[in-house]
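Summary of the model geometry
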Amino acid sequence: MNHAPTSPNQPNRQAATKTGIQMRQLIERANITQARAAELSHCSLRTMQDWLNGTYPIPPAAAELLALAVVAHGYATPGPWLAEWLPPELQALAIRGAPL
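Quick notes on the rules
- Residues numbered from 1 in each chain as written.
- Predicted model: local features only at pLDDT ≥ 70, side-chain atom pairs only at ≥ 80, totals over all residues.
- Heavy atoms only, no water.
- Axes fitted to C-alpha atoms, helices over the stretch in contact; angles between N-to-C directions.
- Helix = DSSP H or I, 4+ residues; strand = E, 2+ residues; numbered from the N terminus.
- Parallel < 35°, antiparallel > 145°, perpendicular 65-115°, else oblique.
- Contact = heavy atoms within 4.5 Å.
- Core = buried A, V, L, I, M, F, W, Y, C linked by side-chain atoms within 4.5 Å.
- Buried < 20%, exposed > 50% of the residue type's maximum accessible area, 1.4 Å probe, protein only.
- Salt bridge = Lys/Arg side-chain N within 4 Å of Asp/Glu carboxyl O.

What follows deals with the packing of helix 2 (residues 34–41) against helix 3 (residues 45–53). Interaxial distance between helix 2 and helix 3 falls to 8 Å at its minimum, and their mutual angle equals 105 degrees. Taken together, the axis directions place helix 2 and helix 3 in an arrangement best described as roughly perpendicular. Residues Gln-34, Ala-35, Ala-37, Ala-38 and Ser-41 of helix 2 lie in contact with helix 3, whose contacting residues are Leu-45, Met-48, Gln-49, Trp-51 and Leu-52.

Formed by 25 residues in total, the largest nonpolar core has its most connected members in Met-23, Ile-27, Ile-32, Met-48, Leu-66, Val-70 and Trp-81. Contributions of two or more residues to this core are made by helix 1 (20–30), helix 2, helix 3, helix 4 (60–72) and helix 5 (80–83). Ranked by the residues each element gives to this core, the list is headed by helix 4, at 7 residues.

This part covers helix 3. Taken together, the buried positions of helix 3 are occupied by Met-48, Asp-50, Trp-51 and Leu-52. Contacts from the buried residues of helix 3 go to helix 1, helix 2 and helix 4. Phi turns positive, to about 80 degrees, at Gly-54, one or two residues after helix 3.

The final tally for this structure, using the stated rule, is 3 salt bridges. A salt bridge links Arg-36 to Glu-39, with the shortest nitrogen-to-oxygen separation between them at 2.9 Å. Separated by 3 residues within a single helix, Arg-36 and Glu-39 lie in helix 2, roughly one turn from each other. Judged by relative accessible area, which is 24%, Arg-36 ranks as partly exposed. Across the salt bridge formed by Arg-46 and Asp-50, the nearest N and O atoms sit 3.3 Å from each other. Of the two residues, Arg-46 and Asp-50 are both situated in helix 3; the distance of 4 residues between them amounts to about one turn of the helix. The class for Asp-50 is buried, based on a relative accessible area of 10%.

Fair warning: the whole summary comes from geometry, so function is off the table for now.
Below, the structure written as structure tokens:
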């Protein structure tokens, strides 16, 4: 897993970086549109498209939120794939498929 510098609002936590390709794969896994992904991430469609195209880096919190939202809304089943999208303190929950 790639790690960016620590999160400014949580200095002891490493923030995992995601690429537009990885975000596209998540959207495809969930079988949702970019517009729905933007809604679930609480951002505009244009912002989502900028992230997917690599115009701007994807904030770690936005990637985590989208991964959790696709599971919470029933678009995907929790499992080992989810762990790479979450901070270390939540990864064990994702791997064993605990309810969110």
